[in-house]
Every structure is written in structure tokens, then in C-alpha cells.
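Structural characterization, general
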Amino acid sequence: MHTRTRAAGAALLAMALLTLPVTAQAEAEPAPVPSPVSTSQPARAFDLVRPSGDPVKLRDAPRKLSVTYTYNGRQHTLDDYLARTGTQGFVVLDARTGQDVVFERYSFAARDTLFQSWSMAKSFTSAAVGIAVGEGFVKSIDDPVTQYLPELRGSGYDGVSLRDLLRMSSGIQWNEPLDVPPVHVAASMGHPLPKMAAQRKRGWAPGSRFEYTSMNSFVLAWVVSRATGKPFHQYVEQKIWQPAGMESGVYLGNDSNGNSMGYCCFYATDRDFARFGLLFLRGGTAHGRQVVPRSWVEESTRPSSTVNRGYGLHWWLDDDGAFSANGLGGQVIYVSPKHDVVIVKSTLATVLGMEETETAFRAVAAEVARTRQG
């Protein structure tokens, strides 16, 4: 968690610059419910992904959870953690008993609020890559990125494999807290992300070290679009959002030139984020159908290299077998196979308590397991 906490803390200094709108209105579609993070940028900065006609049902089954945990020698409660971290949406799903929402709380938000994912989107991008591999559009993640994107020949991405993009070891010169704000703002103002990717330089040998790099995730989304012949948001709709049984539409951020960002900016409900966690908890299946290849779920949620054993393929890994999608300011989709629990947390932006999140979530998952009947 410490690598994540340091990067997130520094990046929060640029939070105001990074904000994207959620009030965009797609043609012939109602505007989404405003998220706590909102501005008034033009609608072209978003693509609508439509929901499933057969959503995965989540049952309201509230349960009293008496969660306490010790961190750095001090005892905390769940209520204390949620208050200190400015949590605005919190959903706990017990998958052992079916699809039971056993705890749900909102503050200055509601069940239909569309929360900004920030970098939780990276795990969706990874899933899209895995599906494209399973369908044969991407032959292997050991292929060089230039096999799919010849536009990147001569750039820092020349000679880099898709695997190195997925494990955040591309070798391009990049400092996440310093580089992602100007890139993100430029993209929001209409500067093409492909052109900015082609301008990146080589900084060190690919695969030799871990360097969290949002541009890698954009390049992966670009690869998916190029390999499948579909805009990324359409591929997400057809291969993830609808087959996985998402109940509400989601808005995906783009660079105003039709290029999905891939590294951020899914505006969705916490319940749909929980459905994505449930999809991975159940080995990539929904409604009894394989949505994400099981082999991809397994590979992407285990250590991807020796340089950072706490990172898979765009998933963060916990020591007890849990894994999570994490976003700027404290957004989390936490999946505990040990306890069959999914936890989703959304917040405006805070670094308070972030370093203890894994400890708190382990305690929540254990309490859900303890309080099961039968």
C-alpha cells in the first residue's frame, strides 16, 4: 500500500486540474446524476456505455457489522475510518450467500450517483486486453506494442511489450504525480493522446523496474481499439459492461478526439463497480457465462514480476490473497477470495487513512464472514 499512498498523495496536489465532468449529456440520453466531482466541460469529452438488459441482481440484505481493527498500535472502527477518509460511497457485498449487499452507506451522494473511478479504470482496461487475447485479436501480451501501433516506432515505446505495459514496467520516462496532470489536462482540451504517447522517451530498460505510468494504460486501450477494430468504449460495452450485467450506464472519458483515456475516468455507480469486483471474484463469470477468460483473471491478479510483487496486470495485490483496483484519492474496488467479499469505496479526494485501507478492509471482510448464517 505504501507505493500507492505516496503516489496518490503527491498526485492529489493536482486534483483540481484533473477533474473531468459528469454532467455530460449523450445524444438522446438523460444526463447522469452528478457525482461529487463535477465541472462543466463539453459533452464530447465522454462516451456513453449502455447498461445490460439483464443486470446481475444484488439483494438488499443489511447486516450489523461490528468492525474494529488495530493499526499502528491504535484501535479503529469502521465508522471512524469512513469519516476520516471522507468516504461518500461504501458498498460491501457478500458473495458467499449469493449477491447480498450487507452494508451500504452514502454521504452527500446516493445509490445512483456516478462516481469518478480515477485509476480503478486501469483494471477495466486490463480486462479488455484479456478478452481481446481470448478472442485472438491480440496474439500474445509478449508481442511488442509496435506490432499493433506502428505509430509508436521510434518513440520510448518502441521495443516494449504489452506485458511490460500491463505490469507498469515500460521503461519510458515518466513521473506519475508530475507528468499525468499536464497530459490529462491537455487531453481534456483536445490534444490527442496518441500524439502525446508518441512523444515519450526511453528512460530505462523495459522490465527492469516498476514505475506507475498512466500513459501505459492509455496505450493499452489504444491497442485494444486498433486490434479489435472497435472504439474502446464500444468494446467495453459489448464485452464487459453488458455481459457482466451492469445495471446503469457509464460514461468513459476521452481526449475529445474519440480516444478513450483507458487510465481513468469511468463514471459509474458503486453497485456497478461492485459487480465488476464480483466478476473477478467469480473467475470472470456472470450469469453463468465466461466474460473474462478465467486464465486472464488468474494471471492478472498474481505477481507479474519480481520488481514489484504487489502488482499484477493492472491490479494491486494484498498479502492475504486479496486484490484491488485503486484510484486517486481513495477509490477502491477490493476483492477478497478468502472471504468471498467485495468492497467498494468512493470519495471526493483524501489521503487521510489511505495507508490503513488494506487493514480496515481485511477486518470488514472477516466480519462479513463471521456474521454469516449457516
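Criteria and cut-off values
- Residues numbered from 1 in each chain as written.
- Predicted model: local features only at pLDDT ≥ 70, side-chain atom pairs only at ≥ 80, totals over all residues.
- Heavy atoms only, no water.
- Helix = DSSP H or I, 4+ residues; strand = E, 2+ residues; numbered from the N terminus.
- Buried < 20%, exposed > 50% of the residue type's maximum accessible area, 1.4 Å probe, protein only.
- Contact = heavy atoms within 4.5 Å.
- Areas by Shrake-Rupley, 256 points an atom, 1.4 Å probe, with all protein chains shown as cover.
- Phe/Tyr/Trp six-rings, centres within 6.5 Å; stacked < 30°, edge-to-face > 60°.
- Pairing = 2+ DSSP bridges.
- Disulfide = S-S within 2.5 Å.

Details of the overall build of the protein chain
Along its length, the protein chain carries 12 helices and 15 strands. In the protein chain, which comprises 374 residues, the proportion classed as buried is 60%. Partitioning the intrachain contacts of the protein chain with sequence separation of at least 6 by distance along the chain shows that 70% fall at a separation of at least 24. Of the roughly 14,300 Å² that the protein chain leaves accessible, carbon and sulfur atoms contribute 49%.

Things to note about the packing of aromatic side chains
Taken as a whole, this structure holds 19 aromatic pairs when the rule is applied. Their ring planes at 75 degrees and their centres at 4.8 Å tell us that Tyr311 and Trp316 sit as a pair that is edge-to-face. Residue classification places Tyr311 among the buried positions, given a relative accessible area of 1%. Accessibility expressed as a relative area gives 8% for Trp316, which makes it buried. Grouped by ring-pair contacts, the aromatic residues Phe124, Trp241, Phe266, Phe273, Phe276, Phe280, Trp315 and Phe323 constitute a single cluster.

Let's talk about the sheet that holds strand β13 (residues 323–327)
Pairing in this open sheet of 7 strands is mixed, and the strands run β2-β6-β5-β15-β14-β13-β12 from one edge to the other. Each of the sheet's edge strands pairs with one partner strand only, and the pair in question is β2 (59–60) and β12 (316–317). As judged from the 7 bridges shared by strand β5 (residues 87–94) and strand β15 (residues 341–347), these two strands associate in the antiparallel manner. Bridge pairing links Phe90 to Lys345 in β15.

Structural notes on the state of the cysteines
Counted under the stated rule, the structure contains 1 disulfide. The partner cysteine of Cys264 in its disulfide is Cys265, sulfur to sulfur 2.0 Å. Here Cys264 and Cys265 share a disulfide; its torsion about the S-S bond, -65 degrees, makes the bridge left-handed. Assigned by exposure class, Cys264 and Cys265 land together as buried.

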